[in-house]
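# Residue-level structural notes
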There are 2 protein chains.
Amino acid sequence: MRQGRQSLRVPIAPENGIPGGTMEEKTLFDAIDTMPNYKRVTLVIEEQIINGNLKPGDALPTEHALAEQLGVNRSTLREGLRALENVGLVKRAGAKKLIVSVPERAEIAEYTSRAMRLHSVKFSELWEMMILLEPVAARYAAERAPKEVLTRLGQNVKEMEERLHDDATIIRLDVEFHSLVSQASRNRVLVLSEEPLGLLLYSSTKRLYRSSPRARYRLLEAHRKIYEAIAAGNAETAETWMRKHIEDFKRGHVFAGFDFHGPVRPPSDADG
Amino acid sequence: MRQGRQSLRVPIAPENGIPGGTMEEKTLFDAIDTMPNYKRVTLVIEEQIINGNLKPGDALPTEHALAEQLGVNRSTLREGLRALENVGLVKRAGAKKLIVSVPERAEIAEYTSRAMRLHSVKFSELWEMMILLEPVAARYAAERAPKEVLTRLGQNVKEMEERLHDDATIIRLDVEFHSLVSQASRNRVLVLSEEPLGLLLYSSTKRLYRSSPRARYRLLEAHRKIYEAIAAGNAETAETWMRKHIEDFKRGHVFAGFDFHGPVRPPSDADG
DNA sequence: ACCAATTTGTCCGTATGTATG
DNA sequence: TCATACATACGGACAAATTGG
């Protein structure tokens, strides 16, 4: 294959004179590459981003220019770009040009939660992680929460008070609350580990609050206590309440008849 | 744009009669879409995978067939496919056909660790997460380790004994050891959260063992103790030793003159 | 082991809507 | 307003590799 003879002029892209065959005549030139050019495009650009030659915010050359520089056709180049785009390493800035970017929290969380769902992780696995992360996040939050996150946390609680009977909203707020707590911990690794959990639980949580009318009051009360503890800088209390909250969540889950050791349900239908 | 008038024949792909403008003349047709077709291709296929209509292992139709079904040009379809390929949702099965797949542990870890690195997370953030996850992983491992993982753990320790002075190897084994412990915990969420940490620490760990000759002995000793505790089913001991191990790691790191609150270094040079 | 059909990888040329100057 | 540049999208083409007889 490869009609146009010009291959990528990149460090590791040999001219590939020997068509990647299945046999080896000599062990001299043992085995190598044969990687579609579109993939090489992805790799070289990715590399430039990772090693810092291309920094987030930098605008990429036009497709035409890039294609010419790399010595591939624009179609080929585009295939390579799409791959990067989908991973969040490049992004459109104004319909026109592409800029280098860093995958954002939300994207990462979505990617991870999807992966977990596809692996059919069990509710128990998820919960074990929650009971581990959330209380500590609350503790750190009480110790270090930035003012603006604290403010948003307060708004979150208030909004939940006001819209306590709007199912879709309280679940969104619930996920957001926990995300905010982790953000308040000022530990981005913690945030990136916590956020996918909320997304994964989205659907089962929805079913929970639909089936148990009193659950939402307990939810609100817990959030309020946790928020107050964090706002007061009381690490112990924040952690303790969060732990209770997570344990309560499990009880509610089991009580509502869900299988603790069953797989987390896919978000299937009606999850706007 | 969009020369060929035929848009995707998918649930949520409206014929898009109104060119996506920036103004709205009526609130009647409020706002929507205007999404490149290649992206829709990505989304529809992704959706089919997530909701289970396409199961891992299933072979996708040929590009020609797919393009026809979706009503787009093959080039467009390919762009959409590349995006999926890069995220691990589809994969090549023998140069010819694409099969649906689930992103594997390794891929997910790589993606996540790259994202964390691009976010310039600090060593302190990483370490806080380690001191949280690793001891618990060790505890669970002691309680539930499957035999084969236990075996691999033993092999890991033995191999480290034998190749204690091969820098590249001990670091690989170190990362592997912790990954194995998390796998032994039988909690895949834990695994997916733990693995990226090891990858991120790769480079700084390497520098650590180069600069501190005695560190590797402490490393081996700790791994041995942890392994024995896990093998004996002694949860307390396993957890305790792991905690010591992680704290020791921090001490070594600081002692070697690294900035605890500095960013984790990029893997830059020489990281085979 | 060879041939024929299929499929992928790659390229070219072109049309069109949109944004920028 | 108009011209230009650029991204999206299409159609057609062909070489190489695979697959099935």
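Read on for an overview of the structure. Starting from 1, residues in each chain are numbered consecutively following that chain's sequence as written. Chain A is the first chain written and ligand 1 is the first ligand written, with later ones labelled in order. Note on the predicted model: pLDDT of at least 70 is required for a residue's local features to be given, and 80 or more for side-chain atom pairs to be given and counted; whole-chain, interface and lining totals, by contrast, use all residues.

Within chain A one finds ten helices and two strands. When the helices and strands of chain A are listed from N to C terminus, the series reads α-α-α-β-β-α-α-α-α-α-α-α. Residues with at least 20 neighbouring C-beta atoms inside 10 Å of their own are called buried, those with 12 or fewer are called exposed, and the rest are partly exposed, where every C-beta is derived from the backbone. Put simply, chain A has 272 residues, and 39% of those count as buried. C-beta atoms are placed from the backbone for every residue, and two residues are taken to be in contact when these atoms lie within 7 Å. The contacts of chain A with a sequence gap of at least 6 include a subset with a gap of at least 24, amounting to 71%. Each helix is a run of H or I in the DSSP string that is no shorter than four residues. Each strand is a run of E no shorter than two, and both are numbered from the N terminus.

Residue and element names in this part refer to chain B. Note on definitions: angles span 0 to 180 degrees between N-to-C directions of axes, and those axes are lines fitted to C-alpha atoms, for helices only across the stretch in contact. Packing of helix α5 (residues 123-144) against helix α10 (residues 235-255) leaves a shortest axis separation of 8 Å and a crossing angle of 155°. When the axes of α5 and α10 are compared, the pair comes out roughly antiparallel. The two elements α5 and α10 meet at a crossing, and its hand is right-handed. From α5, Trp 127, Met 130, Ile 131, Glu 134, Pro 135, Ala 138, Arg 139, Ala 141, Ala 142 and Glu 143 reach across to α10, where they touch Ala 235, Ala 238, Glu 239, Met 242, Arg 243, Ile 246 and Lys 250. If an angle is under 35 degrees, it is roughly parallel; if it is over 145, roughly antiparallel; if it lies from 65 to 115, roughly perpendicular; otherwise it is oblique. Handedness of a crossing is defined here by the sense of rotation of the near helix relative to the far one, left-handed for an anticlockwise turn of less than a right angle and right-handed for a clockwise turn.

Residues and elements named next belong to chain A. Contact pair helix α7 (residues 167-184) / helix α8 (residues 188-211): the axes reach a minimum separation of 9 Å and the direction vectors enclose 160°. Relative to α8, α7 is oriented roughly antiparallel. Judged by the twist between their axes, the crossing of α7 over α8 is right-handed. Of α8, the residues touching α7 (which contributes Asp 167, Ile 170, Ile 171, Asp 174, Val 175, His 178, Ser 179, Ser 182 and Gln 183) are Leu 190, Val 191, Glu 194, Glu 195, Gly 198, Leu 199, Tyr 202, Thr 205, Lys 206, Tyr 209 and Arg 210. Looking at side-chain class alone, the contact of α7 with α8 contains eight nonpolar, six polar and six charged residues. Put simply, Ala, Val, Leu, Ile, Met, Phe, Trp, Tyr, Cys and Pro go in the nonpolar bin, Asp, Glu, Lys and Arg in the charged bin, and everything else, Gly too, in the polar bin.

To continue, consider the relation of the copies chain B and chain A. All copies are superposed by least squares; the fitting set is the C-alpha atoms of residues with a pLDDT of at least 70 in both. If you rotate chain B by 180° and push it 0.2 Å along the axis, it lands on chain A with an RMSD of 0.3 Å. Such a turn and shift between the copies fits a two-fold axis. The rotation axis passes nearest to the C-alpha of Ala83(B) in chain B, at a distance of 2.0 Å. Taken as a fraction of all interface residues of chain B, those also at the interface in chain A reach 100%, which identifies the copy contact as same-surface.

Turning next to the interface of chain B and chain A. On the side of chain A, 38 residues touch chain B, which itself brings 38 residues to the contact. Counting residues per element, the ones that place at least two in the side of chain B that touches chain A are α1 (37-50), α3 (74-87), α4 (105-118), α5 and α8 (188-211) of chain B. Tallying contributions element by element places α3(B) first for the side of chain B that touches chain A, with eight residues. Taken together, the residues of the side of chain B that touches chain A break down into 20 nonpolar, ten polar and eight charged.

Moving on to unusual backbone geometry. Residue and element names in this part refer to chain A. Positive phi, normally seen in glycine, also occurs at Arg 186, with a value near 60°. Mapped onto the elements of the fold, Arg 186 is located in the loop between α7 and α8. In this structure Arg 186 comes out as partly exposed when scored by C-beta crowding, with 19 C-beta atoms within 10 Å.

The next point concerns α8(B). With 24 residues, α8(B) extends 34 Å from end C-alpha to end C-alpha; this agrees with the ideal 34 Å at 1.5 Å per step. Of all the bends in α8(B), the greatest, near 50°, is centred on Tyr202(B). Here, expected helix span is obtained from the residue count minus one, scaled by 1.5 Å. Bending is quantified residue by residue as the angle between axes fitted to the seven-residue window ending at that residue and the seven-residue window starting at it.

All right, on to the environment of Leu98(A) then. All names here are of chain A. Relative to the helices and strands, Leu 98 is located in strand β2 (residues 97-100). Along the primary structure Leu 98 and Leu 81 are separated by 17 residues, whereas in three dimensions their C-alpha atoms are 9.7 Å apart. When neighbours within four sequence positions are excluded, Leu 98 is seen to be in contact with Ala 59, Leu 60, Val 90 and Arg 92.

Residue and element names in this part refer to chain B. By secondary structure assignment, the location of Ala 229 is in helix α9 (residues 215-231). Residue Ala 229 is classed as buried on the basis of its 22 C-beta neighbours within 10 Å. Separated by 87 residues in the primary sequence, Ala 229 and Ala 142 have C-alpha atoms spaced 6.8 Å apart. When residues no more than four places from it in sequence are discounted, the contact partners of Ala 229 are Ala 142, Asn 234, Thr 237, Ala 238 and Trp 241.

All names here are of chain B. In this sheet, strand β2 (residues 97-100) lies alongside strand β1 (residues 90-93) in antiparallel orientation, the contact comprising four bridges. Of the residues in β2, the one forming a bridge with Val 90 is Val 100. A strand pair is defined by DSSP finding two or more bridges across the two strands. The turn joining β1 and β2, which pair antiparallel and follow one another in sequence, is formed by three residues; a positive phi near 60° is taken by Gly 94.

Residue and element names in this part refer to chain B. End to end, helix α7 (residues 167-184) covers 26 Å across 18 residues, agreeing with the expected 26 Å (1.5 Å per residue, within 8%). Residues of α7 that are buried include every one of Ile 170, Ile 171, Leu 173, Asp 174, Phe 177, His 178, Ser 179, Leu 180, Val 181, Ser 182, Gln 183 and Ala 184, and no others. Looking at the buried side of α7, the elements it contacts are α5, α6 (147-162), α8 and α9. Downstream of α7 by one or two residues, Arg 186 has phi in the positive range, about 55°.

By convention the nonpolar core is taken to be a set of buried residues drawn from Ala, Val, Leu, Ile, Met, Phe, Trp, Tyr and Cys and joined through C-beta atoms within 7 Å. In terms of nonpolar packing, the biggest core is built from 96 residues, with Leu126(A), Ala141(A), Ile230(A), Leu126(B), Ala141(B) and Ile230(B) touching the most fellow members. Ignoring sequence-local partners within four residues, the contact set of Ile230(B) consists of Ala138(B), Ala141(B), Ala142(B), Ala145(B), Leu153(B), Ala184(B) and Ala238(B). Core analysis: the next-biggest nonpolar cluster, separate from the first, contains 30 residues, Ile49(A), Tyr38(B), Leu89(B) and Val90(B) among them.

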